[in-house]
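# Examining the three-dimensional arrangement
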Amino acid sequence: MKYYNLKDNQETVDFKTATIKSQGSQKGLFFPETIPQFDEEFISNLHLYSDEEIAFRCMKDLIGDEIPVEELKKIAAETVSFDIPLKKINEQISVLELFHGPTLAFKDVGARFMSRCLSYFLKDQDKKVTVLVATSGDTGGAVAHGFYNVPGINVVILYPKNRVSPVQEKQLTALGGNISALEVDGNFDDCQHLVKQAFSDESINSELFLTSANSINIARWLPQQIYYVLALKQWQQRENTDPVICVPSGNFGNICAGLLAYFRGLPAEHFIAACNENDVVPDYLKSNEYHPKKAVATLSNAMDVGDPSNFTRILELFGHQFEDLKNMISGYSVDDESTLKTIAEVYEKYGYILDPHGAVAFTSLEQYLNEHPGKKGFILGTAHPVKFPEAVEKATSIKIEIPEALNDLMKKEKKTVEIHADFEELKRFLLNKNHEQ
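For every chain, the first residue of the written sequence is number 1, and numbering continues from 1 along that sequence. Only residues with pLDDT of at least 70 are given local features in this predicted model, and only at 80 or more are side-chain atom pairs given and counted; all residues enter the totals for whole chains, interfaces and linings. Heavy atoms throughout the structure, all of them, feed into the side-chain values; hydrogens and water do not.

One non-glycine residue with positive phi stands out, namely K27, at about 60°. In DSSP terms, a helix is any run of H or I states spanning at least four residues, a strand is any run of E spanning at least two, and both are numbered starting from the N terminus. Topologically, K27 is positioned in the loop between α1 (15-21) and β3 (30-32). Exposure categories follow from relative accessible area, calculated using a 1.4 Å probe and restricted to protein chains: below 20% of the type maximum is buried, above 50% is exposed, and the middle band is partly exposed. By relative accessible area, which is 28% here, K27 ends up partly exposed.

Glancing now at empty space enclosed by the protein. Each cavity reported here is a set of points on a 1 Å grid over the protein atoms alone in which a 1.4 Å probe fits but cannot get out, each pocket an open set with protein on both sides within 12 Å along at least five of seven lines, and each lining residue one with an atom within 4 Å of a point. Grid points are joined across faces, edges and corners, and a volume is the space filled by probe spheres set on the points. Counted by the stated rule, this structure contains 6 cavities of 30 Å³ or more. There is about 260 Å³ of room inside the largest cavity. Taken together, the elements giving at least two residues each to the lining of the largest cavity come down to α6 (138-147) and α12 (253-263). Top contributing element to the lining of the largest cavity by residue count: α12, with 3 residues. Under the scheme applied here, ten amino acids are nonpolar (Ala, Val, Leu, Ile, Met, Phe, Trp, Tyr, Cys and Pro), four are charged (Asp, Glu, Lys and Arg), and all others, including Gly, are polar. Considered class by class, the residues forming the lining of the largest cavity number 8 nonpolar, 13 polar and 3 charged.

Taking burial as the measure, the 8 residues of helix α7 (residues 166-173) include 7 buried ones, the bulk of the element. Any pair of residues with heavy atoms lying within 4.5 Å of one another is described as a contacting pair. Next to the buried residues of α7 lie α6, β7 (153-160), β8 (179-185) and α19 (404-411).

Okay, the UniProt feature "domain: Tryptophan synthase beta chain-like PALP" (unreviewed entry) in the protein next. UniProt positions are given in the numbering used here, feature names are shortened, and annotations may be inferred rather than shown by experiment. The UniProt record annotates "domain: Tryptophan synthase beta chain-like PALP" (unreviewed entry) at residues 96-375. For residues 96-375, the helix share is 47%, the strand share is 15%, and the end-to-end C-alpha distance is 17 Å.

A word on the pattern of salt bridges. Within this document, salt bridges are pairs made up of a side-chain nitrogen of Lys or Arg and a carboxyl oxygen of Asp or Glu, the two lying within 4 Å of each other. Throughout the structure, instances matching the rule amount to 15 salt bridges. A salt bridge links E53 to R57; the nearest nitrogen and oxygen atoms lie 3.0 Å apart. You can see E53 and its partner R57 sitting in helix α3 (residues 51-63), 4 residues apart, about one turn around the helix. Its relative accessible area of 27% is what places R57 among the partly exposed residues.

Quick look at the UniProt feature "domain: Threonine synthase N-terminal" (unreviewed entry) in the protein now. Listed under "domain: Threonine synthase N-terminal" (unreviewed entry) in the UniProt record, and renumbered for this structure, are residues 2-78. Taken end to end, residues 2-78 has its terminal C-alpha atoms 25 Å apart, with 45% of it in helix and 18% in strand.

This part covers the sheet that holds strand β12 (residues 329-333). Being paired, for any two strands, means DSSP has found at least two bridges between them. Overall, mixed pairing links the 6 strands, which are arranged β4-β5-β13-β10-β11-β12 in an open sheet. Single-partner strands in this sheet number two, and they are β4 (86-88) and β12. Each strand of the sheet is rotated relative to its neighbour by a mean of 25°, with strand direction disregarded. Relative to strand β13 (residues 377-381), strand β10 (residues 244-248) is paired through 3 bridges, and the arrangement is parallel. What sits directly across from I245, in β13, is F378. Think of each axis as a best-fit line through the C-alpha atoms, taken over the contacting stretch in the case of a helix, with angles from 0 to 180 degrees between the N-to-C directions.

What follows covers the packing of aromatic side chains. In this description, a pair of aromatic rings is defined by centroid distance and the angle of the planes. Ring pairs are drawn from Phe, Tyr and Trp, using the six-membered ring of Trp, whenever the two centres fall within 6.5 Å, and their geometry is named by plane angle: stacked under 30 degrees, edge-to-face over 60, tilted for the rest. Applying the stated criterion across every chain yields a total of 17 aromatic pairs. A ring pair is formed by F42 and Y49, whose centres lie 5.2 Å apart and whose planes are at 75°; its orientation type is edge-to-face. As far as the burial class goes, F42 and Y49 line up, both buried. Between F263 and F318 the ring centres are 5.1 Å apart and the planes differ by 85°, which places this aromatic pair in the edge-to-face class. Of this pair, F263 sits in helix α12 while F318 is found in the loop between α14 (311-317) and α15 (322-328), placing the two residues 55 residues apart along the sequence. Taking the relative accessible area as the measure of exposure, F318 reaches 8% and is therefore buried. Lying over the aromatic face of F56, K73 brings its terminal NZ or CZ to 5.3 Å of the ring centre. For a lysine, the NZ atom is tested; for an arginine, the CZ atom; a charge sits over a ring if that atom is within 6 Å of the ring centre and within 35 degrees of the ring normal. If you follow K123 out to its NZ or CZ, it ends over the ring of Y120, 3.8 Å from the centre.

This next bit is on the layout of surface pockets. Roughly 500 Å³ of internal volume is contained in the largest pocket. Those elements that provide at least two residues to the lining of the largest pocket are α8 (188-199) and α14. A per-element tally of the lining of the largest pocket places α8 first, with 5 residues. Roughly 280 Å³ of internal volume is contained in the second largest pocket. Residue lining of the second largest pocket: 15 residues in total, with V164, S165, L299, N301 and E390 positioned closest to the centre. At 3 residues, the largest contribution of residues to the lining of the second largest pocket is made by helix α18 (residues 389-396).

Their axes nearest at 9 Å, the elements helix α16 (residues 336-350) and helix α17 (residues 356-371) cross at an angle of 85°. In this view, α16 runs roughly perpendicular relative to α17, as classed from their interaxial angle. On the side of α16, the interface is formed by S338, T339, T342, I343, V346 and Y350, while α17 contributes P356, A359, V360, F362 and T363. Angle categories: roughly parallel below 35 degrees, roughly antiparallel above 145, roughly perpendicular from 65 to 115, and oblique for all the rest.

On to the nonpolar core, then. The term nonpolar core refers to a set of buried residues drawn from Ala, Val, Leu, Ile, Met, Phe, Trp, Tyr and Cys, joined through side-chain atoms within 4.5 Å. Ranked by internal contacts, the top residues of the largest apolar core, which has 110 residues, are F15, I314 and I329. Setting aside its immediate chain neighbours within four residues, I314 contacts F252, I255, C256, L259, L325 and I329. Formed by 26 residues, the second largest nonpolar core is a distinct cluster that contains C246, M303, V346 and A361.

It is worth spelling out the environment of G28 at this point. For G28, the position within the fold is in the loop between α1 and β3. Sequence separation between G28 and E11 is 17 residues; the distance between their C-alpha atoms is 9.8 Å. The contact partners of G28, leaving out residues within four places of it in the chain, are N5, K7 and Q23.

Right, dumping it as structure tokens:
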């Protein structure tokens, strides 16, 4: 399988190179040259396959022979080595709970897959690799956990100061070791811009072996297809219609992975991009005009993105045909007031506790289903409610207990370096860090 640069179609690389380089020239994202189709028998009989086999089958055609079959099977099994249940909230709406992994967020799937692929590819390298990643909340924790103490790899995480929850911040900052956290005086878009600048800076790349673990990296983005297929496996056992799939959307890597699975043959009635007040894509779907905006801070902070990187991949999937895209994707924007109201109402009516991102998705899917009677769907539960205690407790008046697995982490000291949203400061840190090795 080859991957081409969306900004330079002449640049084509294999999976290994795309994983290590992360992005191509002109900061372009890599995209598969062909979209391999799922076998119809496989999709129709998912109940016959284990979750590990499903994960392997989702990934094998996208990787080819670059990772031996037995090694890839091992990586796939470790990627989905925790529960990913599809639970009913009410008769029309279910939730795919993606927060039972080690950092209680959906990004555990992609981060675990990528860390193991990168470790395999670099096992014979004598040069240390720096994984550079921007996070709006959950990516950093998943990446930190996935790469913690992996030999030959340093991780540098940029996150926006005062814009992540206490649990998220501890997951980013408390591990130490080969994990460094930079607290940026700015928003997520500033963090993401700094990371992209670093990848295109010749002086940094001449000294550092740099790669990214954001969803711009195909090894982080592609494995997110797996849980859409695992959801379908459970959906098929109780429903006889195709689902409407609603995805809390910030940088749009998650919904983009679901759409890729759809283009490969995953049955789906419709997709919904559920956004908070950062409504660039919902506005685009109304006007066919894409206008990036400065991100605003909300309760659903992992979606506080004003210029989502992965939307360019979605445009590519649809051949840049606006009408085709609009027919398959709806966009909704939900404000903080409605988010809190939904958390309260869902808890009161159904006894289910949503986190703010799940509440944005529930509100959006409920609105769509009201507009399209007779259909059913599921939302992606992307993070455990304990990560957002203030919002959940304000809405429900109940205290969310910290899971036992996080107790020790929450007692650890926060270790960060504060920087401004200034590339020269990031550059100095990276080069000094390298000289310390």
